[in-house]
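# Descriptive structure summary
Here is how the chains run, residue by residue.
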Amino acid sequence: MEFAKRLQPLQSNVFADMDRAKAVALAAGRELIDLSLGSSDLPAQAHVIEVIAKSLHDRSTHGYLLFHGTQTFRQAAANWYEHKFGIKVDAETEVLPLIGSQEGTAHLPLALLNPGDFALLLDPGYPSHAGGVYLASGQIYPMPITAENGFLPVFADIPAPVLAQSRMMVLSYPHNPTAAIAPFSFFQEAVAFCQQHNLVLVHDFPYVDLVFKDTGNWGKNLSNPKSLVPSILQADPEKTVSIEFFTLSKSYNMGGFRIGYAIGNAQLIQALRQVKAAVDFNQYRGILNGAIAALTGSQTGVANAVATFRQRRDAFITALHRIGWQVPTPKATMYIWAKLPSPWNQNSVEFCTELVKQTGVAASPGAGFGKSGEGYVRFALVHEPPLLEIAVERIAEFM
Ligand SMILES: Cc1ncc(COP(=O)(O)O)c(C=O)c1O
């Protein structure tokens, strides 16, 4: 059978190699400590589950959900955003519910790129950003981000011919996999650059809440200090070129429920809505109801999740330092981005496949997130401290 060319770049994936290595480890009877997936192990909150359970028994929730979700959901998302970032959002034209934020960022290129157009992506970056560009038959220009630049791209390095054919730039801070945070001044620079070069500015913002207080307040100079990190729309309050993607997967431990939303420029929202209208019928209304409960109810659960990840971060970093692996303490996210020592500093895939086969500890090879991720490994803090400490002991034996 012959498949479309656009499928080819989606077939080579180092994470598939990792899955095979994990299967080998399991078959050899190893006890797996899987730190390779950024899927929260914490439960969704009880009051959210209750609302969803109640919706299941309401037959009016059983049919197709048309009209880009419910007005109540869009208003809840708009209010949540306004409360956090101090910028007004029109629930009718500037909000779009999504079946997870990944669905939205992966579909958006279909609305923006003609075949061969470039998208400017962070390298390393979230693999699905590239996947969406490939599905739209676009080209990727990877913007390398390195520790020397605080894991921020240097816009002046983008070649002029690439820029001339570029339609969109994708940023995402706090960043997966590096855990870097972008200061507000960088967002201002990004907005000015995109305005100047007629680019759509996409900001994927799943870790909006997973920021650790002890590392400072990066949004403190802004009019509304309720978030520790800035939103791209604070640098583009008229929403001239920007669209931002949010999810309930991380803050509210609802990854499996598949619910997110986009907020931003009304024309971009409209274009993404048109793509989605050809593809899906929106998320189930009961889950939207649960998401409303999460966004409008007590935020104690969010604070507890942040405290849990901070505790795990500290335990894991302390253990790594104890075995002599000097890894910087991340300011945000649920990840540790660790630079590999010699002899693995140019072979993160071999490090991760051998590590899991010999010890059962699974991590993500930096190369899987892009060329500039080579030489690093990402650990997701999805287990409690005692298991994280056992993982580090096994890593020490392996190394
Ligand atoms: C940068 C980034 N975007 C999107 C997602 C997926 O979010 P969702 O569950 O809303 O699709 C993740 C999940 O790890 C992520 O790290």
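Residues numbered from 1 in each chain as written. Predicted model: local features only at pLDDT ≥ 70, side-chain atom pairs only at ≥ 80, totals over all residues. Heavy atoms only, no water.

## Digging into helix H8 (residues 184-196)
Note the threshold: The numbering of helices and of strands both runs from the N terminus, where a helix is a DSSP run of H or I of at least 4 residues and a strand a run of E of at least 2. How far a helix is expected to stretch is found by multiplying one less than its residue total by 1.5 Å. Working definition: with a 1.4 Å probe on protein chains only, accessible area under 20% of the residue-type maximum means buried, over 50% means exposed, and in between means partly exposed.
Between the first and last C-alpha of H8 there are 18 Å, a value that for 13 residues agrees with the 18 Å anticipated at 1.5 Å per step. Of all the residues in H8, the buried ones are Phe-184, Phe-186, Phe-187, Ala-190, Val-191, Phe-193 and Cys-194. Positive phi appears at Asn-198, one or two residues downstream of H8, with a value of about 55 degrees.

## Concerning the environment of Arg-394
With respect to the secondary-structure elements, Arg-394 resides in helix H14 (residues 385-398). Taking the C-alpha atoms as reference points, Arg-394 and Gly-38, separated by 356 residues in sequence, lie 21 Å from one another.

## Some words on the packing of helix H3 (residues 46-56) against helix H11 (residues 285-296)
This is how it is decided: Simply put, an axis is a line fit to the C-alpha atoms, just over the touching stretch for a helix, and the angle between two N-to-C directions goes from 0 to 180 degrees. Roughly parallel means an angle under 35 degrees; roughly antiparallel means over 145; roughly perpendicular covers 65 to 115; every other angle is labelled oblique. By the definition used in this description, the sense in which the near helix is turned from the far one sets the handedness, with an anticlockwise turn below a right angle giving left-handed and a clockwise turn giving right-handed. When checking whether two residues touch, look at their non-hydrogen atoms; a contact exists if any pair is within 4.5 Å.
With their axes 8 Å apart at the nearest point, H3 and H11 run at an angle of 155 degrees to one another. By the angle between their directions, the pair H3 and H11 is classed as roughly antiparallel. Here H3 runs over H11; the crossing is right-handed. When H3 is examined against H11, the residues His-47, Val-48, Val-51, Ile-52 and Ser-55 are found in contact with a partner set consisting of Gly-286, Ile-287, Asn-289, Gly-290, Ala-293 and Ala-294.

## Points about the site of the ligand
Applicable threshold: The nearness test applies per residue and asks whether one of its heavy atoms lies within 4 Å of the molecule or strand. N or O atoms within 3.5 Å of each other form a polar contact, as long as, within protein, one can give a hydrogen and the other can take it, and as long as residues adjacent in sequence are counted only when both atoms are side-chain atoms. Accessible areas in this description were obtained via Shrake-Rupley with a 1.4 Å probe; residue shielding takes into account the shown protein chains only. When residues are sorted by character, Ala, Val, Leu, Ile, Met, Phe, Trp, Tyr, Cys and Pro go into the nonpolar class, Asp, Glu, Lys and Arg into the charged class, and all the rest, Gly among them, into the polar class.
The immediate surroundings of the ligand are formed by 14 residues, with Ser-101, Asp-204, Tyr-207, Thr-247 and Ser-249 found nearest. Residue Asn-176 places a side-chain N or O atom 2.7 Å away from an oxygen atom belonging to the ligand. Contact between the ligand and Thr-247: an oxygen atom at 2.5 Å from a side-chain N or O atom of the residue. Starting from 400 Å² of accessible surface for the ligand in isolation, the protein chains cover 94%. A breakdown of the residues in the shell around the ligand according to their chemical character gives four nonpolar, seven polar and three charged.

## Some points on the domain arrangement of the chain
Heads up, the rule is: Note that the domain bounds were set by an automatic or database domain assignment. Defined here as a combined quantity, buried area equals the accessible surface (1.4 Å probe) lost by two parts on assembly, summed across both. Basic side-chain nitrogens of Lys or Arg form a salt bridge, by our definition, when they fall within 4 Å of a carboxyl oxygen of Asp or Glu.
Domain parsing of the chain yields domain 1 (5-43 + 301-398) and domain 2 (47-296). Computed over C-alpha atoms only, the centres of domain 1 and domain 2 are separated by 25 Å. The interface is formed by 29 residues belonging to domain 1 together with 31 residues belonging to domain 2. Both faces combined, the contact of domain 1 with domain 2 buries some 2,700 Å², and carbon together with sulfur accounts for 65% of it. The tally of links from domain 1 across to domain 2 stands at zero salt bridges. Inspection of the region where domain 1 meets domain 2 yields 12 residue pairs in polar contact (both at pLDDT 80 or more). At the level of secondary structure, the elements contributing two or more residues to the side of domain 1 that touches domain 2 comprise helix H1 (8-11), helix H12 (300-322), strand E9 (335-339) and strand E12 (376-380). Taken together, the residues of the side of domain 1 that touches domain 2 sort by class into 16 nonpolar, seven polar and six charged.

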